[in-house]
Amino acid sequence: MSMSPISATLTQVDRDAVMDAVATIKEKLPFLIDVSADDRKALPKMGDKSRAFVSKALEVATQNPDFLPRSFNLEEMRKDVQLFEAMYPIVVALTQLQELVDDTCLAAGSEAYAAALKVYTYAKASGQGGGLDAVVGEMGQRFARKPRKAKAQEETMKTEGATA
C-alpha cells in the first residue's frame, strides 16, 4: 500500500472557519432531515438508473394529469424532483470532501500512532531508570490483556445481566 506521508497543521482560525462554513451549509439547507436506519432500509432509492425513470414519469404526469387520482399531488412531485436535482451536485461534492477528510484524518492518526509506538519501543529499550518506568508502565496498559478467566467471568456477567 503506497501512501504519501502527511505533514500539515490546521490552525484554530482555519478550523473555526471550516466549522463556520459547515454551519452556513446547515443554515442554507434548513429542510435537512435525519432518517432512521430502519426507515432508510424501507425507502425506495433513487439512483442514477432511476433518475431517467422519475423524469419521464414527471413528464407523463404533467402532460396527462387526467388519469391521476385527485389525491395525487403533482406539484409536490415536481418540487421533490427539483429538490433532488438541485441537491445531487451538493451530495457529490460533499461525498468527495467527506472521503478526503476521512482519508486525511485516517493518515494523520495512523502516522501519530506509528510514531507513538516507536516512542514506546525506544522508552522500553532505554532500560530501567531515567524516570521512565512509570510512564512506560502507563503506556503499556494500552497493550494489557485481561486474563482468560477474567474475560470468561465478564462475559458470564453480561449474559446474566441481559437475561435478568
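From a predicted model like this one, the values you see are computed outputs, not experimental measurements. (Residues numbered from 1 in each chain as written. Predicted model: local features only at pLDDT ≥ 70, side-chain atom pairs only at ≥ 80, totals over all residues. Heavy atoms only, no water.)

## Description of the confidence of the model for the protein chain
Spelled out, the test is: Per-residue confidence from the predictor is reported as pLDDT, a score between 0 and 100. For helices the rule is a DSSP run of H or I covering at least 4 residues; for strands it is a run of E covering at least 2, with both sets numbered from the N terminus onward.
Summing up the model confidence of the protein chain, the mean pLDDT is 89 and the portion of residues at 70 or higher is 89%. When the elements of the protein chain are averaged for pLDDT, helix H6 (residues 148-163) gives the smallest value, 66, and helix H1 (residues 12-28) the largest, 97.

## Some details on the nonpolar core
How we decide: Put simply, buried Ala, Val, Leu, Ile, Met, Phe, Trp, Tyr and Cys residues joined by side-chain atoms within 4.5 Å make one nonpolar core. When accessible area is computed with a 1.4 Å probe and restricted to protein chains, residues below 20% of their type maximum are described as buried, those above 50% as exposed, and intermediate ones as partly exposed. By definition, residues are in contact when any of their heavy atoms lie within 4.5 Å.
With seven residues, the main nonpolar core is built from Val54, Leu58, Ala61, Leu68, Leu74, Met77 and Val81. Sorting the residues of this core by element identifies helix H3 (48-63) and helix H4 (74-125) as the ones contributing at least two each. If we ignore the near neighbours within four places in the chain, the residues touching Met77 are Val54, Ala57, Leu58 and Phe72.

## Considering the pattern of salt bridges
Keep this limit in mind: Here, a salt bridge means any Lys or Arg side-chain nitrogen found within 4 Å of an Asp or Glu carboxyl oxygen.
All chains considered together, the criterion is met by three salt bridges. Between Arg51 and Glu85 there is a salt bridge, with its nearest N and O atoms 2.5 Å apart. Pair noted here: Arg51 is in helix H3 and Glu85 is in helix H4, with a separation of 34 residues, a long-range link. Classification of Arg51 by relative accessible area gives partly exposed; the value is 23%. Classification of Glu85 by relative accessible area gives partly exposed; the value is 33%. A salt bridge links Glu75 to Arg78; the nearest nitrogen and oxygen atoms lie 3.0 Å apart. Note that Glu75 and Arg78 are positioned in helix H4 at a spacing of three residues, about one turn of the helix. On the basis of relative accessible area, Glu75 is assigned to the partly exposed category, the value being 43%.

## Section: a nonpolar patch on the surface
Heads up, the rule is: Any residue with relative accessible area above 30% and no salt bridge may belong to a patch, with like charges joined within 9 Å and the nonpolar Val, Leu, Ile, Met, Phe, Trp and Tyr side chains within 5 Å. Accessibility throughout is a Shrake-Rupley quantity obtained with a 1.4 Å probe, and a residue counts as covered only by protein chains that appear here.
Together, Ile25, Ile90, Leu94, Leu97 and Val101 make up an exposed nonpolar region whose accessible area comes to about 390 Å². For the nonpolar patch, the element with the highest residue contribution is H4, accounting for four residues. Looking at the secondary structure, you find Leu94 in helix H4.

## What to know about the packing of H4 against helix H5 (residues 133-140)
Rules: In this analysis, axes come from line fits to C-alpha atoms, helices being fitted only over the stretch in contact, and the angle between any two N-to-C directions falls in the range 0 to 180 degrees. Roughly parallel means an angle under 35 degrees; roughly antiparallel, over 145; roughly perpendicular, 65 to 115; everything else is oblique. Note on convention: the crossing is left-handed when the near helix lies turned anticlockwise from the far helix by less than a right angle, right-handed when the turn is clockwise. Nonpolar residues are Ala, Val, Leu, Ile, Met, Phe, Trp, Tyr, Cys and Pro. Charged residues are Asp, Glu, Lys and Arg, and all others, Gly as well, are polar.
It is the contact of H4 with H5, at a shortest axis distance of 10 Å, that shows an interaxial angle of 135°. Between H4 and H5, the angle falls in the class oblique. Crossing angle aside, the handedness with which H4 passes H5 is left-handed. On H5, the residues that touch Ala116, Tyr120, Ala123 and Lys124 of H4 are Val136, Met139 and Gly140. Along the lines of polarity and charge, the residues of the contact of H4 with H5 split into five nonpolar, one polar and one charged.

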